[in-house]
Structures are given as structure tokens and as C-alpha cells.
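Each chain, letter by letter, is given below.
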There are 2 protein chains.
Amino acid sequence: MTQSMWPPALGVFGLIVAFIIYRLVRRYPSGEGAVAEIAEAIHSGAMVFMRREYSILAMFALVLTVGLFIGFQSWHTPVAFVTGALCSAIAGYIGMYTATQANVRTTIAAATDGAPAALSVAFYGGSIMGMAVASMGLLGLGGLYLMFGSDPTHAEAIHGFGMGASTVALFSRVGGGIFTKSADVGADLVGKIEAGIPEDDPRNPGVIADNVGDNVGDVAGMGSDIFESYCGSMIACLALAATMSGATIAALGGDQQQLMFLPLALASAGLLCSIAGIVIVKVFAAKAPAVALRIGTIGATVIFIAVAYFVVANLGITSNVWWCVVCGAAGGMIIGLVTEYYTGGEPVRKIAKDGETGPATVMISGLATGMESVVVPVLTIAAIIFATSALLPEGAGVYGVGIGAVGMLATVGITMAIDAYGPVADNAGGIAEMAEMGAEVREITDGLDEVGNTTAAIGKGFAIGAAGLAALAIIAAFIETIAAKVPGFTLSIENPRVLMGMFLGGIFPFLVSAITMRAVGDAAFEMIKEIRRQFKEIPGLLEGTGKPDNARCVDIATRAALRRMVLPGALAVFAPMVVGFGLGAQALGGMLGGALVCCVLLALTMANAGGAWDNAKKFVEKGNFGGKGSDVHKAAVVGDTVGDPFKDTSGPAMNILINVMAIVSLVIAPLLAANPGGLLG
Amino acid sequence: MTQSMWPPALGVFGLIVAFIIYRLVRRYPSGEGAVAEIAEAIHSGAMVFMRREYSILAMFALVLTVGLFIGFQSWHTPVAFVTGALCSAIAGYIGMYTATQANVRTTIAAATDGAPAALSVAFYGGSIMGMAVASMGLLGLGGLYLMFGSDPTHAEAIHGFGMGASTVALFSRVGGGIFTKSADVGADLVGKIEAGIPEDDPRNPGVIADNVGDNVGDVAGMGSDIFESYCGSMIACLALAATMSGATIAALGGDQQQLMFLPLALASAGLLCSIAGIVIVKVFAAKAPAVALRIGTIGATVIFIAVAYFVVANLGITSNVWWCVVCGAAGGMIIGLVTEYYTGGEPVRKIAKDGETGPATVMISGLATGMESVVVPVLTIAAIIFATSALLPEGAGVYGVGIGAVGMLATVGITMAIDAYGPVADNAGGIAEMAEMGAEVREITDGLDEVGNTTAAIGKGFAIGAAGLAALAIIAAFIETIAAKVPGFTLSIENPRVLMGMFLGGIFPFLVSAITMRAVGDAAFEMIKEIRRQFKEIPGLLEGTGKPDNARCVDIATRAALRRMVLPGALAVFAPMVVGFGLGAQALGGMLGGALVCCVLLALTMANAGGAWDNAKKFVEKGNFGGKGSDVHKAAVVGDTVGDPFKDTSGPAMNILINVMAIVSLVIAPLLAANPGGLLG
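Residues numbered from 1 in each chain as written. Chains lettered and ligands numbered in written order. Predicted model: local features only at pLDDT ≥ 70, side-chain atom pairs only at ≥ 80, totals over all residues. Heavy atoms only, no water.

**Regarding the overall build of chain A**
For step 1, the next point in the chain: Looking only at helices and strands, chain A features 20 helices and zero strands.
For step 2, the next point in the chain: A globule of 681 residues ought to have a C-alpha radius of gyration of about 26 Å, and chain A, at 24 Å, matches this closely.
For step 3, the next point in the chain: Structurally, chain A occupies a C-alpha span of about 75 × 50 × 45 Å along its principal axes.
For step 4, the next point in the chain: When burial is assessed residue by residue, chain A has 67% of its 681 residues classed as buried.
For step 5, the next point in the chain: Sequence separation of at least 24 residues holds for 85% of the intrachain contacts in chain A that already meet a minimum separation of 6.
For step 6, the next point in the chain: In the form shown here, chain A has an accessible surface area of approximately 20,600 Å², with 64% of it arising from carbon and sulfur atoms.
For step 7, the next point in the chain: Charge centroids of chain A, computed over 36 positive and 49 negative side chains, lie 3 Å from each other. (Helix = DSSP H or I, 4+ residues; strand = E, 2+ residues; numbered from the N terminus. Rg over C-alpha atoms; globule rule 2.2 N^0.38 Å. Buried < 20%, exposed > 50% of the residue type's maximum accessible area, 1.4 Å probe, protein only. Contact = heavy atoms within 4.5 Å. Areas by Shrake-Rupley, 256 points an atom, 1.4 Å probe, with all protein chains shown as cover. Lys, Arg positive; Asp, Glu negative; His and termini not counted. Charge placed at Lys NZ, Arg CZ, Asp CG, Glu CD.)

Here you go:
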């Protein structure tokens, strides 16, 4: 077996592990009667959404495939593009399919076997998604590398894989984000506030849609986001290594092919470490769930850092590159911990306290918290750039940053597992509530959910940091790819074209945030109208004798989300093409730079403000400052409602936006090199 | 009289015109009894704030002056710095001194002579500030140019003037912004909501502070902001012309000294056109106030564009440079009109309508409006960069952008007059209310105020656009100044140092926004406590028999503002030094680029969201969606309260922040050139 056969082989191995875990999940009983019915409604709702989303996506992808074929006059890039899109879509499908089976099994396990069993099922459910993301990435990208990697004329085609992954992420994340928040806001506003019935009450027609939304947004959406960064960072390293000068290669260890292979090797090692992490969680699960999840993540990272040393050494590469891995992994942890502080620590209590003077001060306080929260994560990113560039010779540019991003993302199997565990536990609680299974079941699932929330907050900060570094490396790869063909090509800020591009780039994060925020508002409004209609028109619904038309609410959320995801998607994909071919490669480079900085800052601001508002509300609900129903609580609910699209729709859309723009630019870079000045040049 | 004596001479002429207008204002009666007392309280409160602000500023400036002297080992730069600070401070002092005399005279004129007379006084009051800003700029900068301009060894010292102006602006704008909004929010929350008394009610101890705040924020603060951009754009052009290559100079008309003199010549012409504009307003004032202000501004701009053609031609410079002036002036108008749309058009009604589903939807809608509003202004800035760089030879870089900014700002005399007219009219209404002068007087002043609001919205957008372009030109000048001494110096985005700098730069706008937002909240809270205390402890206050302790509220707002302006001020001034000397000139350049884009985008977002919320509330108060006291109104008030610090504190702080960072960098550029890699290089 040659070296480059390992990644796809490990990808297959990972899928087998995922299948074994799936068999373990299936062993648990899936309930009967009402429980099974509710679970089936969620499962089929999620699958219907996915199928409809993927069919729109397929059309969009077809247009891009044809465009790429025409542009490149070769089948390599289009094939890579389709492969990337398929791999991401399959990972998302596997994750959703299994998560919506694990949820009800978690409920039943909580009811019959208690908390540790429930934790196991929920975590297994998340682990399948984690393994699917890591494995499909290795299988797909590793397979393409096996085919094209050693052939310099086709190596660039691999970039298409990233574009495919990013396109799927764009639709899954934006569409999923709109779906989940419109269902959530709609169900809450009419159910909790207007009709005065509890959350997840089976009489509320929007509740199934809300539970479907958790899967759509937090399983499939989050998975595609991480998948994209994971593959993007590897592709960037590949591309940067491919354009390195001989002197730089010599300084790094002397073999270009090994430098190109390194990201795949690290990710392969990371997959095995993730499996180790999953085992660790399983071992510690019976003792303390919160500790188990934390030991699992940190353990996997520590093992990975150790293993990475041997991987780097084994490929004959200087150990300074290994230090880049360490920088990335450590940076990811720091960003995660800062996120935890801002969305769970002192700032949250301050926001809750500011509720004493009404919703306006809650808003100001939350926005200020979000804005302030950018400082340490962005300083960390800057420090990673500084350290990795100081570690490597000057010609290596940001190869070290790319390797740092790979280091951050290599243990994606376990981090994604924990991310996906959250919605499974959340769903389990929803099912218990809807099936009226009693307070003690709900208590167990609430406990699992709470454990998941903290780790999920860390995961969110981590995802932003990883996406930012991945995008940065891709942008650098874009520049190097053009510079390799256009001598003297550089992106100087003092060049008016670059400056103009930077301003143009800044527009997109703000515009896409505005569009997605409005989309949630408008879609929620449609949902509100439908739920109100059902309460009015279906006889006996509120009394519990009539049955709500859940499917219709799912349908409305689906339609609303799918219709509104196209504009931001098209903007992200086509803007780099229009600017690149129209105003030239320098304007495009500047645009990527401006967009990168603004995307990272807005993503952090929105994610952390949203998380802080959410937890401030929960803090009040625990009885502080007057507790539920007080004026402070009402003020906190306003904050949470604004925070919902912030943290689950617009904020995450920023990660994707910058990666899509960057990878599309990298893919078209060889075409731009033919006429770098653009049509208006 | 030599050519370069004209600008200072015209500066003196402008001051004489300002004095004549002041005599005209003084001719109007200033009232007696209660009216005079209230006016005196506002006047002296404003003057006390200024003196205390200036004394803190003086200490800060002293430290910087000594630092500059030590750094440069010469008196030229420190002298220029002190001159710039003094000129800005004097302009602000003149404006505040006269505006707080014009306000009460407007009230009396409204009561005795009717609307046209009142408009005249209020506009005269604003015009003095307009003339003071334009004249002090020409006098100070023109004087320095006369002394240092033709001597290449000292020409760079002129940059110090801009740093002085920016330092004053920083404190005036940030301190003034915190003062005005803490007084406003504090007086409103306790007076209107808790005690249930009307706005500007004389029983409210915070009302005088609120009226002082209008002057402090919208006269002195806005004036120093515009002054800074006005001088900054001229200095940038000077610096860019000074570093041009012989070939570029030849392509532009062949004389470097004339290219350096051009911005001063344009500003001189602009001063005369502004006086013409003031006359136009006076002529049309009797007919229709709104039309008069608009014709005055547009008229002055049109005349200026025509005159500029001859100025450019007369200096022997290619007419393409004149087209840059046209681009700048036209761009300024477009940005202003877009601002008017977003803060007065359809989006405002949409926000008001979204109040039907509560404060959360008002927040989301307003934030989305603010974020969306960046699109056209930023596209306009990009178009100006594109057009001006296409018009001039490649080596000219962004000299054209700088000239465009000068073109935008040359008629500052009239635009500033209209900006300062607003708070004078607003104050006049406040005085009428406090002195209980009857509904008909209040109606006239409300009418004047409303006219001012629309033009002020345009002015705000205009100020952001101008500040952005000025900063951009200063940043370019910074790069060229270093490149002239360090061969091969360039700021490539692919350079990790530059990238790191871009991320660092993005931090500041977010952090300063967070700090200033919180500052308003905390200062308002102190104000609230004091007003509550007075209502409780002063016998008969609410019944109208006791007298409020106004001075104490003014004192609290003053202290709070002054204490909280220091941290953001120090951040803005010292960050470029720390990064520049520590991480090197490339990191600093990247930082300026990242900060520029983020500052412009956040400034637009916050100013327009704030303006839109303000007007949405007013729209509801006019009887729409239930009118005053309805739930929609309550939701709209929440939006307005969040919008207050957005549009009057944090948003405007962005203009200053980027200009301070840019000008400090330009000033230290010659020192950085000695060790461009920095200490950690």
C-alpha cells in the first residue's frame, strides 16, 4: 500500500466505524405509539427537507459544473467539484438520518435505563456525524489526491473539491439556519406567548418543525460548515505547497510531494485520534457526562499533537512545521474558552442585570458584549499568523497558518460528535415533552442538553476560528496560484484596485447578514400566520382533542428556507467571478481580504452576542432578577429573540460566506491568470 | 501677495465674515427673566464642559508634544501638532460660544417675529461654526504651508497639524457623544417614563444637561470631526504630491509645488463658495426654509465645481484632476441621499410596522436596515477609487482619491453651517418649552428642527464618506512616505505581517464601539440616579414650587464623559505607535487597512440604524400604528434608545478612530522608516 492510499483507506475505515456505532444505536429500542409517531414525524420532516434542499442544490451545482467545464475545457475540475459536493451531501445525509433515529432512542433510554445510557445513545448519535464528516473528507479528498495529486498539470483540479463542499455548506447552513430559527421563533411566539402553552407542547403545530429545525441547522448545517473548513484547510496547504519555490522546499525538509501530502497525513492521524476520543468519552460517560465530553475532546487533541510530531518527522519535514500544528490546536482551544466566558460567564450576568432597566439596555449590553468578545479570538488569530510565519522560512508565506488550521481541524471527528450530540439531546427532550412522558425523563434530557450547550458554545467559537484560518490559507493559495503564472503579481494595499476590492469585500458580510436576518423574520411571520390559523380553524386543538397539522408547518418552514437561501448563495458564489473577471485579480484579492476580516469579526460578534443573550434569558429563568414572567425576563426574552438569528443564522453564514468566496477564487485563479487585469483593466 | 499667502489670508477673511455674522446674531434680543436664565444655564454649562474638556485635552496634548519632540529631535512637528490642536479647539470654542447665544435669540425671534426671522438667527448661528471650521483650517494649515511647505526637509512636519486636529476631534466627539447621550437617555427615562412629565419640562433636573449636550455633541463634536477630515484630506494630498516621482508629476502638469498647493487652493475657493451658499440661504429663507437650505448646499457645490475647474487649470494641472474633484463632490451627494433614504424613507416605515410584533422585531429590522445601508455608500467609495485612479497616471496612486475628498469637503463652510443649525433650532425649542412660552412658539421651532433633521441626516452620511476617503488618502500617504525612504517597501496582503495587521486593525472599531456604548449606558445610569434623587429629596420639585439643581446634572454628565473618553482616546493614539514600533511598518499598514474598512462599515451601519430607529419612533408618534402610548410606540422607543448611542456616540467615534490612527501613523512614518521591521522584526 503506497503512502497516498492511506487517507482514502482510513476514510473507508472511519465509515465502517460509523456504521458500527449506528448498529449500536439501533440496538436501543425506538419506542412505540405516540413516541414512535412523533419521532417518525421529525425523522421524515428532516429527510423531506434534505431531499428538497438537495434537489435545489443539484440544479445549482449542475449550472456550476457546466460553467466549470466550459471555463476549464477539461473534466478534472468539474469532477472534483461534483465529488466535493457529493461527499459533503452524503456526510450530511448520514448525519441527519442517524441523528433523527438516535433522538427517540435517547428519550427511551432516559425513561428506562437512566442518564448514563441516555448519554451513550445521544453521544453515539453525534459520533456518527463526526465520523461521517471526517471520513467523507478523507475518502473524497484523499481519493482525488491519489488520482490527481502527483500530476502537476491536474493538481489544481483538486481545488474544485473545496468549491463543491462549500457550495453544499452554503445552502445547508443558510437554508438550515433560516429553517430552524423561523420554526423556533414562530412556534415560541404563538405557542408560548399568545396561546400560553409550554415549549414543545404537542398541541402546537410548529413544534415538530422546531425539532426538525434543530437537526437541519445544528446537525446538517454545522456538519457541512465544519466539513468545508476541514477540506478547505487541507486544500489550501496542498495548493501552497504546490507553488513553493525550491529554496523554501529545501528549507522545510526537501520534498514537495511530502509537503503536499502532510495535511492529509495529519487529518488521517486525527481521524484515529478522534476514534480514541470517542472511546474515552464512552469510558468516562458513566461517571460524569460533562467531564467525559471534556476529557474526550482534550484527550483526543493531546494524543493528536503527540502523534502529529511523528507524522511530521516521518515525512522528513522540519519540526518547526509541527510547532505550527501545536499553534493551531492551542489557538483553537483558546478561542473556544473565550467563547465559553462570553456566553456563560460574567458578561451573561451583566446582561441579565441590565434587564432591570428594560429591553433597550439588554440590547446595548448584549451588542457591546458581542463586539468586545472579538478581541481575544482575533488577537489569537493574529498570534497564530505571527508565530507560524516566524517559525517557517519567509518564502513559506502562510503555509504554516494552513497547517495550523489543519491542526485545529484534524480531530474534527470528536469535535463534530460533541456538536451533533447537542441537538440529539435537545430533540430527545422535545420528544419526551410531546409524548408527555413525565418530568423525570425531561429532567435527564435537560441535563444532557445543558452539558451539550457548554461544549457547543466552545465548538462554535472553534468553528469560527477554524473557518477564518482556513479561509486565510485559501486566500493565500489563491494569490500564490496567480503569482506562479503572472510574474510580479502582488496585492499591495496602496494599489487603488486592491483598496477598492477591500471596500467591496466589506459589503458582503454586512449585506448577507442583513438578508439572512430579514429572511428569518419574514419566514417566522409566515409560520406565525399558519400556527394562528390552525389554532383558530382546527376544532379542539387547544383543548387537546384535535390534531395539529404538523406537516404543513414543516412544509412552510422548508419552502421559506429554500426560497430565501438562493440570493445569499448566489451572491457568495458569483461575486468573486464578477469582480475577478470584471475588475481583475487584484480587486478580487483585495475583496477577499476585506471580506475575511469583516466576516470573522461579524461572526464572532453575532455568535457571542446571541449566545450571551440566550444564556442571560436562561439565567433569569433560573429565578434570578425576578425569574420567569418578571419584567426582567421579558426584557431578556427580547434579547434572546434578536440573538436567535444572530447566533444560528447570520453569524454562521459568515463562516461559509468567506470560505465560499475564497474557494471560488482559488478555483478560478488559473483562468484569471490568463487576464489578470480583468475586462475593465 | 504670493500664491501661498492666499489660504491664510482667506482664513482671516472667513473669520471676519464669521464675526460679522456674529454681530448680526447679537442684534436680536436675548430675552429676559426665565428665558434669559435658562439660556444662561445652557451657555455656561456648555462653556464649563468645554473648559474642563480642554484642560484634560491640554495635558494629553502636552504628553504627545513632548513625545513628538523627543522622537523627532526638532520643534517643527510638535509646533504643527500644537497648532492643529489649537485651531480645532478655537473653532470648536467659537462655535459653541455663539451657538449657545443664537439658540435663545431664535426662541425670541420665533415668539416675536415668526418663522423666517427665527430661521435666519438659527442659520446664522450655525454659519458661524461653519465659517470658523473652514477659516481656522485654512488659516492654520495655510500658515504652516507658508512656513514649511516649500522646504522639503520640513514639509513632513505639516502632518503634525492633522494629528493635533484629530486628537481634539477624538476627545470632542467621543466625550461630547457620551455627554449628550447620557444626558438625553437619563433625562428621558426618569422624566418621561418614570415621572410622566413632558420632554424639556423645566421641573426635570436633567433637561439643561440634555440641551447642553446638543451643543457639546452636535456643534463642537461634529465640528471637530469635520475639521479633522477637512484638514486630513488636504494634508494627505500634500504628502502624496511630495512623494511623487518626476514622471508622474510631469504627467499631471509638471510642477510638484502646484500639486502640493492644489488642496489648499481648492479649499480656499470652497470657502468663498460657502459664503455664497450662506447668502443664497438667506435670500430664499423667507420663502421656504427646507428649500432654502437645500438650494444653499447644492448651489455652493455647483458653484464650487465650476470654480474648481479654473483653479486646477490656473495651476497648470491636467483637467483630469478636476474630474477627481467632480467625482468626490458627486459621491458625497450620493452618499448623503442614500442616508436620507435609509433614515427617512421606506425602511423607516417598515421598522415602525415591525413594532407590531414587539421590540425584538424592531431591533432585528433596524439592525438589518443599518447593515443593508452600507451597500450603496461603499459602492460609491469603491467607484470613486476606481474612477479617480483610472483618471490619473498609475504612479499617482490615490492622489486622485485625496483630491476627491478635498472636493467633497471644500464647501465645509456651508455643510457645517447646516449641521450646526440643527442643534441651535433644537435648543431654541427646548428653551421655549422650559420657559413655558406657549404652543405657537414651540410649533415654529419644531418646524425649524424638522427641516434641520433631514439635512442633518444627509450631513451625517456625508461626514462618514468624507472621513473614509480622507483616512484612505492619509493611509496611502503613510505608505508612500515610508516607501520614499525604504526602497521596495510594499504592503502585500499575502505577507503574513500585513495579514496579521489587518486582523489587529479590525479589533479596534469593534472594541471602541463596545466601550463607547457601555460608557453611555453607565453614564446614563449615574444621571438616572441623580435625577431620581432630586425628585425625591427636593421638596415641591414635581409640583413646580421647588427648583431643580441643574448644575449638578451638568456636572455629572461632564465628569462621566470626561472620565470615559480617555480609554478609547488613548487606544486610538497609542495603538499605531505600539504596533508600528513593535511589529513593524507592514503590520501597521495592514492594521490601518483592516481598521479603515471596518470603521467605515460600522459607522454607516450604526449611524443609519440609529437614524432609522429615531425616525421610526417619530413616525409612530405622528399617529401611525396606534401612535403615542401604544405597544408599537413602546417597541419603537426601545429601538430609539438603542439607536441613540449608535448614531451619536459609537458611530461617529468610528470616523475619528480611523483618522486618528491614520494620521498618527503618517506622523511617525519618518521615524518608522529608520527601522521598518519593528522591534520584533
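**A look at the packing of aromatic side chains**
For step 1, the next point in the chain: Following the criterion strictly, the structure yields 28 aromatic pairs over all chains and no others.
For step 2, the next point in the chain: Seen from their ring centres, W613 of chain B and F646 of chain B are 5.7 Å apart, and the 65° between their planes marks the pair as edge-to-face. Of this pair, W613 of chain B sits in helix α19 (residues 585-621) while F646 of chain B sits in helix α20 (residues 631-672); the two residues are 33 residues apart in sequence, bridging distant segments of the chain. Across this residue pair, the class does not change: W613 of chain B and F646 of chain B are buried.
For step 3, the next point in the chain: Here the aromatic cluster, defined as three or more aromatic residues joined through ring pairs, consists of Y309, F310, W322 and W323 of chain A. (Phe/Tyr/Trp six-rings, centres within 6.5 Å; stacked < 30°, edge-to-face > 60°.)

**Details of the interface of chain A and chain B**
For step 1, the next point in the chain: Each partner contributes residues to the interface: chain A has 66 residues there, and chain B has 66 residues.
For step 2, the next point in the chain: When the buried surface of chain A facing chain B is broken down by residue, F503, F510 and R518 of chain A rank first, second and third, together holding 13% of it.
For step 3, the next point in the chain: Where chain A meets chain B, there are two salt bridges.
For step 4, the next point in the chain: Our count for the chain A to chain B interface comes out at 12 residue pairs in polar contact (both at pLDDT 80 or more).
For step 5, the next point in the chain: Elements represented by at least two residues in the side of chain A that touches chain B include exactly α12 (359-372), α13 (375-391), α16 (439-485), α17 (496-537), α19 (585-621) and α20 (631-672) of chain A.
For step 6, the next point in the chain: When residues in the side of chain A that touches chain B are grouped by element, the largest group, 17 residues, is from α17 of chain A.
For step 7, the next point in the chain: A per-class count over the side of chain A that touches chain B returns 45 nonpolar, 14 polar and seven charged. (Buried area = accessible area lost by both parts, 1.4 Å probe. Salt bridge = Lys/Arg side-chain N within 4 Å of Asp/Glu carboxyl O. Polar contact = N/O pair within 3.5 Å; in protein donor to acceptor, adjacent residues only side chain to side chain. Nonpolar A, V, L, I, M, F, W, Y, C, P; charged D, E, K, R; others polar.)

**Brief notes about the relation of the copies chain A and chain B**
For step 1, the next point in the chain: The transform that puts chain A on chain B rotates by 180° and translates by 0.0 Å along the axis, for an RMSD of 0.0 Å. What the rotation and shift describe, once combined, is the action of a two-fold rotation axis. Considering only C-alpha atoms, the part of chain A nearest the rotation axis is S492 of chain A, at 2.0 Å.
For step 2, the next point in the chain: Interface overlap between copies: 100% of the residues of chain A at the interface are likewise at the interface in chain B, consistent with a symmetric, same-surface contact. (Least-squares fit on C-alpha atoms with pLDDT ≥ 70 in both.)

**A short note on the nonpolar core**
For step 1, the next point in the chain: Ranked by size, the top nonpolar core spans 527 residues in total, and within it L262 and Y399 of chain A together with L262 and Y399 of chain B carry the most contacts.
For step 2, the next point in the chain: Here Y399 of chain A is in contact with C237, L240, A241, M244, L252, L259, L262 and L392 of chain A, once residues within four sequence places are set aside. (Core = buried A, V, L, I, M, F, W, Y, C linked by side-chain atoms within 4.5 Å.)

**Digging into the environment of G206 of chain B**
Residue and element names in this part refer to chain B.
For step 1, the next point in the chain: Position of G206 among the secondary structure elements: in the loop between α5 (159-195) and α6 (207-242).
For step 2, the next point in the chain: You can call G206 buried: its relative accessible area is 0%.
For step 3, the next point in the chain: Beyond its immediate sequence surroundings of up to four residues, G206 is in contact with A187, I531 and C553.

**What to know about the pattern of salt bridges**
Residue and element names in this part refer to chain A.
For step 1, the next point in the chain: In the structure shown here, the tally under the stated rule is 58 salt bridges over all chains.
For step 2, the next point in the chain: D644 serves as the salt-bridge partner of K181, at 3.5 Å between the closest nitrogen and oxygen. A residue pair is termed long-range when its members are at least 10 positions apart, and K181 in helix α5 (residues 159-195) and D644 in helix α20 qualify at 463 residues. For the pair K181 and D644, a shared accessibility class is recorded, and that class is buried.
For step 3, the next point in the chain: Close ionic contact of K350 with D354 constitutes a salt bridge, the shortest N to O distance being 3.1 Å. Within this pair, K350 and its partner D354 are both found in helix α11 (residues 346-354), separated by four residues, close to a single helical turn.
For step 4, the next point in the chain: Given the relative accessible area of 33%, K350 is considered partly exposed.
For step 5, the next point in the chain: Look at the salt bridges and you will find they share partners, linking K181, D184, K460, D614, K618, D644, K647 and D648 into a network.

**Looking at the side chain of S513 of chain A**
For step 1, the next point in the chain: Of note, S513 of chain A is situated in helix α17.
For step 2, the next point in the chain: If we skip the residues at most four places from it in the chain, S513 of chain A touches L602, M606, S650 and M654 of chain A together with M371 of chain B.

**Quick notes on the environment of P393 of chain B**
All names here are of chain B.
For step 1, the next point in the chain: Looking at where P393 falls in the secondary structure, it is placed in the loop between α13 (375-391) and α14 (399-409).
For step 2, the next point in the chain: For P393 and V104, which are 289 residues apart along the polypeptide, the C-alpha to C-alpha distance reads 54 Å.
For step 3, the next point in the chain: Not counting residues up to four positions away in its chain, the partners in contact with P393 are T248, A251 and L252.

**Some remarks on the packing of helix α2 (residues 33-72) of chain A against α20 of chain A**
Residue and element names in this part refer to chain A.
For step 1, the next point in the chain: As a packed pair, α2 and α20 sit with axes 10 Å apart at the nearest point and diverge in direction by 25°. By the angle between their directions, the pair α2 and α20 is classed as roughly parallel. The two elements α2 and α20 cross, and the hand of that crossing is left-handed. Residues L68, G71 and F72 of α2 pack against V667, P670 and L671 of α20.
For step 2, the next point in the chain: Considered class by class, the residues forming the contact of α2 with α20 number five nonpolar, one polar and no charged. (Axes fitted to C-alpha atoms, helices over the stretch in contact; angles between N-to-C directions. Parallel < 35°, antiparallel > 145°, perpendicular 65-115°, else oblique. Left-handed = near helix turned anticlockwise from the far one by under 90°.)

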